[in-house]
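# Results of the structural survey
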Amino acid sequence: MKIHRTLYSPVIIAGIFLVMVSLSHAGTGDFEKLRKESANIKTIQSSFTQKKTMKILSKPLVSEGRFYYAAPDSLRWEYLKPLRSIVITHKNNTKRYMASGGKMVEDKTGGTQAMKIVLDEVTSWMKGKFDQNPSFKATFHEGTNIRIILTPTEKSMAGMIEKIEIILSPKTSIVKSVKITESANNFTQIDFNNVEINKAINPSVFQDVE
Amino acid sequence: MKCVSILILIIFILSCQTLPLINPSVFVINENASTCPFPFLEGKYRLIHSIENRMFGETQSVIIGVTLIDSSTRRVSCAIITAEGMVLFEAESGPDTLKVNRALPPFDSEDFAKNVIEDIKLIFFAPEGRLHEKGTLADSTMICRYQEENGDWIDVIDDKLKGIAVKRYSPNGILKRQIKFKKIAGDTYQNIELQAYETFNYSLLMNLIEAQKVEKNFPRAKHSRETKK
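Basis of the calculations
- Residues numbered from 1 in each chain as written.
- Chains lettered and ligands numbered in written order.
- Predicted model: local features only at pLDDT ≥ 70, side-chain atom pairs only at ≥ 80, totals over all residues.
- Heavy atoms only, no water.
- Pairing = 2+ DSSP bridges.
- Helix = DSSP H or I, 4+ residues; strand = E, 2+ residues; numbered from the N terminus.
- Axes fitted to C-alpha atoms, helices over the stretch in contact; angles between N-to-C directions.
- Salt bridge = Lys/Arg side-chain N within 4 Å of Asp/Glu carboxyl O.
- Buried < 20%, exposed > 50% of the residue type's maximum accessible area, 1.4 Å probe, protein only.
- Disulfide = S-S within 2.5 Å.

## Topic: the sheet that holds strand β4 (residues 85-90) of chain A
Residues and elements named next belong to chain A.
- Sheet architecture is open: 11 strands sit in the order β6-β5-β4-β3-β2-β1-β11-β10-β9-β8-β7, paired in antiparallel fashion. The open sheet terminates on both sides in strands that have one partner only, identified here as β6 (103-106) and β7 (136-142). Strand-to-strand twist of the sheet, defined as the mean angle between neighbouring strand axes without regard to direction, takes the value 20°.
- One ladder, built from 5 bridges, connects strand β8 (residues 146-152) with strand β9 (residues 163-168); its direction is antiparallel. Counterpart to I146 in the pairing with β9 is L168.

## Quick look at the pattern of salt bridges
- Counting across every chain of the model gives 21 salt bridges over all chains.
- Residue E78 of chain A pairs with R84 of chain A through a salt bridge whose shortest N-O separation is 2.8 Å.
- The exposure class assigned to R84 of chain A is partly exposed, which follows from its relative accessible area of 23%.
- Through salt bridges with shared partners, a single network forms among K52 and E182 of chain A together with R102 of chain B.

## Some thoughts on the pairing of strand β10 (residues 163-169) of chain B
All names here are of chain B.
- Within β10, 6 of the 7 residues are buried, which leaves the element mostly enclosed by the surrounding structure.
- With 7 bridges joining them, strand β9 (residues 153-159) and β10 adopt antiparallel strand pairing. Paired with D158 across the strands is I164, a residue of β10.
- Two strands pair when backbone bridges link them, and β10 and strand β11 (residues 175-181) are joined in this way by 6 bridges, in the antiparallel orientation. Across the sheet, K167 pairs through a bridge with Q178, a residue of β11.
- Hairpin remark: β10 followed by β11, antiparallel, with 5 residues in the connecting loop; positive phi at G173, about 90°.

## Here's the deal with the state of the cysteines
All names here are of chain B.
- By the definition in use, this model includes 1 disulfide over all chains.
- One disulfide in the model links C36 with C144; its S-S distance is 1.9 Å. Judged by the torsion about the S-S bond (-90°), the C36/C144 disulfide is left-handed. Taken together, the residues C36 in the loop between β1 (23-26) and β2 (44-55) and C144 in strand β8 (residues 142-147) connect sequence positions 108 residues apart.

Printed below as a string of structure tokens:
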């Protein structure tokens, strides 16, 4: 399956975030329980801080944004700074917008359709079908925090992402951070804060760009 | 049919900008370039820009560009990152080499890497070629014309109203690149517009996010694709 690679990052993060909220309740490898508990999640909203680390950067490039999800398949992944961009999927329709000349314009690179393919995968994760995704092998580690490591199983993905680590809070069982490692010196750390589960989200969040 | 072909040819020729005539206030082969417009960086810098790609009059995509440059060695490292943090392209270039450390489709062609590095050098580095001509254009703006080793022409134009522009022409005088520095609050690199004249013309609008003076040497990747330029 060929997927527009530039779109992988936010969608994978979003998908993992969603899955892990329920996965955290499920316990190691208990995918059946995970699937059942996923059904209880109606909405998720959160702020996030993203730190991009690369050899070419002397310090991480920091981005900030907001994340919204409403069952069964509405999602908004929004960067507020330094570069404003929004991915919205709603009613089987996915669009990406970028700030241009003081307004938000739709991504014309043709990646939206590809993003839909990725989001379909994400949706299956959200339904707890995490163990059925052939693209990643998942391992669970319990310590101070709960750590889930995903490693790609397909060669095409392996050249792009080395591994993904998800850290869950042991007390609240809510995802704390996601680290996507592209190579040894190139990784993206996303820390979530003010996570709210099942709090009402205005439907316009998934329809209006501004 | 023949008339249509001739008409198309005439339109094509007229649509191509060619080397403008310079009124030579001074014309000497070994002319000192010290009085020429100089929008170029001196020293080592790390610049982070948002880059808006426009084609057919519409914004196609917006990405983040990181550029690490050293004017004394003419070394360049660069990376193209999505807003979401995915590295699409990473490369470094020395005087004779070009290393591509990472290139995801559609940025994985060798031509793309070469063109990116050449564009960065055109924007930030002073021309390597000799000063060929200095003078004014028909509208009285000051211009210095350089000729590169490969025969390309580079015009550096200082328009008091529009700001400084750099233009690269092919050896036979066809405009290939045009760069405009829109000076905002005293920073030359705050707002840069690159116009590329290719089979499909496109433009890049670069807005500065962050600029840092660099003290350390450039990092070098261990695993990469290296080619002689």
